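Next come the chains, spelled out residue by residue.
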Amino acid sequence: MSTKVFLVDDHRLFLAGVRAELAEEFSIVGTAYDVDAAIDGIRNLKPDVVLIDVHMPDGGGVAVVTGVAETNPDIKFLALSVSDSAEDVIAMIRAGARGYVTKTIGPEELADAIRRIDAGDAVFSPRLAGFVLDAFAGAIPSTEDPEMDQLTVREKDVLRLIARGFAYKQVARKLNISIKTVETHVSSVLRKLQLSNRHELARWASKRRIV
Amino acid sequence: MIYTMDRSFDLYRRRSDRVAAGVAGGVADSLRVHDTFVRAAFVSLSTIWGLGFFLYIILWLISFDDVDDREVELVDGQQGIGLGLAFLGFLLFARVLGWWPDDALVWIVTAISFGVAALTDRALPSPLTSLLDPGVQQPGRIRVLIGVSLLVGGLAFMSSTIGPIAELGVVLLAVALTGLGLLVAFGPWVRRLAQDLGHERRERVRQEERAEMAAHLHDSVLQTLALIQRSDDPIRMSLLARHQEGELRDWLYGNIPLDGVDLMSTALRGIASKVEQDHQIPVDVVTVGDVNLDESLRPLLGAANEAMVNAAKHSGADRVSAYMEVDDSTIEIFVTDQGKGFDPAEVGPDRKGIENSIVARAEKAGARVSIESEPGEGTEVGISLRREGQ
């Protein structure tokens, strides 16, 4: 049975385009154009993966992700947006999205990202990988959970290669590790990004907007 | 200063905000009413054989100097009216006891001083100001009404009792009544006028902002949209859109380096954007960390530019990635494509030339260059500079 996908975007034209691209491989169980309809639809239809736009009236993608997570924490979100500003990316990931790609992504890459999310992995665009490296760079302030506030050397290596534009497969080959290991590292980085109580994360993101 | 129970009935003279010795202010603070009313009471009582004057002297003698002027919370209207009625009762009591010089004098002075007190309170703006400017706090409408009627009544009484200036009294009464009538009739209109003026000013500011935004959008976004409509090449369309998106984002979020400092990341993005334009291929730029751009770093950018142009021209890939990472010890730039690649061992003379131009430029800045490529596996040019004394 093919993966059930739900699409949320307030730009109907864009939504129609994505729908046409994905219809062949995935079963598109529903679409929504606004936050409330999205939350209702997702709760009723229980898709495997939701492709969610970041910028929408009434709270945007973050409102949908947090709204659905209350009742259906197992539904996975992939954020898809024109915006790649740090604030948006970090906000979506911290709300619980398992990946973030920009709308310039090609149809095959998008399909690949959905498959990855469905399998429980994380999907980082090069830009997101760059943000994470930047956010976790430098000396670590003393916090209760230093594990959560640092990236391991290997995780940094993986992120660097993703930021340089390599696909997971190429990252694995360059580091002489398996794709599965690459995915494990990325998932672990995602968890740190979501759970880190590093205060700089939010501040860093807002500062990035003006620098 | 803490206002304790055992001292609460002591009388303190005010140091600040006083007219004579600060007694009236002190009494006002103790009774928690506006000082203007207390002053009016002293003035009124003075008409009864100078009672107010002597009372003032006595209170001055028994009161203390207030070292720190206290913040006094004023009583509400109801309590004020109570105190006013008590004062009126006291006057009538004095009249019955025979402590009374002359009806006309006492009532006129009392009415006029309280009328003035009701209308002029230094803590609040004048009634006229409050009518004209809706933004300021207003003295109560009832208070203004009472003040005006006391004043007008007092003047009218005066005009009717004091013979020689009776004529003047009528004139004053007429003027006062006319003024009051005009205020009632036109006050709300004048006030609305003032409000409208405020609205108009805000609306104008909004329209100017709109006009500025419209001008900017016209120069940039609408022009680009027109270009996109005229273009029938999807790659060119998407590049135009991409370029416009970046420009609009910069404008909206003020993505401009402060204080005229050029950042390495900004310069790299600028180069990438130019390559996009010139060679019709998207160039994704990701940067981690940053450094102020100085002359010694320009050759690095030159080398990165050559690498991007090279990838755009020869790789056949549909996009190029540029990644820069700056930390305390190194600056690294990678230009990557997923194109057809080549075997570095078997490069033709033209390729060698381009490679040399990258290497030569980078080495001028003291950087090392690595080129990794395999047929069918894309190409990556790495430029790495060790930062000294940083």
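Structural data are supplied above this passage.
Residues numbered from 1 in each chain as written. Chains lettered and ligands numbered in written order. Predicted model: local features only at pLDDT ≥ 70, side-chain atom pairs only at ≥ 80, totals over all residues. Heavy atoms only, no water.

## Here we look at the overall build of chain A
Next, step 1: Helix and strand counts for chain A stand at ten helices and six strands.
Next, step 2: Looking at chain A as a whole, 52% of its 211 residues qualify as buried.
Next, step 3: Long-range pairs, those at least 24 residues apart, make up 68% of the contacts in chain A with a sequence separation of at least 6.
Next, step 4: Per element, the accessible surface of chain A, about 9500 Å² overall, is 52% carbon and sulfur. (Helix = DSSP H or I, 4+ residues; strand = E, 2+ residues; numbered from the N terminus. Buried < 20%, exposed > 50% of the residue type's maximum accessible area, 1.4 Å probe, protein only. Contact = heavy atoms within 4.5 Å. Areas by Shrake-Rupley, 256 points an atom, 1.4 Å probe, with all protein chains shown as cover.)

## Things to note about the overall build of chain B
Next, step 1: Helices and strands together make up the secondary structure of chain B, namely twelve helices and seven strands.
Next, step 2: In chain B, which comprises 390 residues, the share counted as buried stands at 36%.
Next, step 3: Within chain B, residue pairs in contact and separated by at least 24 positions form 68% of the contacts whose partners lie at least 6 positions apart.
Next, step 4: Surface exposure of chain B reaches about 23100 Å², of which carbon and sulfur atoms provide 61%.

## Remarks on the pattern of salt bridges
When their charged atoms lie close together, side chains carrying opposite charge are able to pair.
Residue and element names in this part refer to chain A.
Next, step 1: Inspection of every chain in the model, using the stated rule, returns 18 salt bridges over all chains.
Next, step 2: A salt bridge links arginine 115 to aspartate 112, with the shortest nitrogen-to-oxygen separation between them at 3.7 Å. Highlighted residues: arginine 115 and aspartate 112, both in helix α5 (residues 107–118), separated by three residues, approximately one helical turn.
Next, step 3: On the basis of relative accessibility, which here comes to 37%, the residue arginine 115 falls in the partly exposed class.
Next, step 4: With a shortest N-O distance of 3.0 Å, lysine 192 and glutamate 155 are connected by a salt bridge. Of the two residues, lysine 192 is situated in helix α9 (residues 179–195) and glutamate 155 in helix α7 (residues 153–163); the sequence distance between them amounts to 37 residues.
Next, step 5: You can call lysine 192 buried: its relative accessible area is 8%. (Salt bridge = Lys/Arg side-chain N within 4 Å of Asp/Glu carboxyl O.)

## Some remarks on the pairing of strand β7 (residues 379–386) of chain B
All names here are of chain B.
Next, step 1: Where burial is concerned, most of β7 is hidden: seven out of the eight residues are buried.
Next, step 2: Of the strand pairs in this sheet, strand β5 (residues 330–337) and β7 are connected by eight bridges, and their pairing is antiparallel. Each residue of the ladder has a partner; that of threonine 330, found in β7, is arginine 386.
Next, step 3: As defined by bridge partners, strand β6 (residues 368–373) adjoins β7 across six bridges and the pair is classed as antiparallel. In the sheet register, serine 370 faces β7, and the bridge partner there is glycine 382.
Next, step 4: Hairpin connection of β6 to β7: five residues between the antiparallel strands, including glycine 376 at a positive phi of 85°. (Pairing = 2+ DSSP bridges.)

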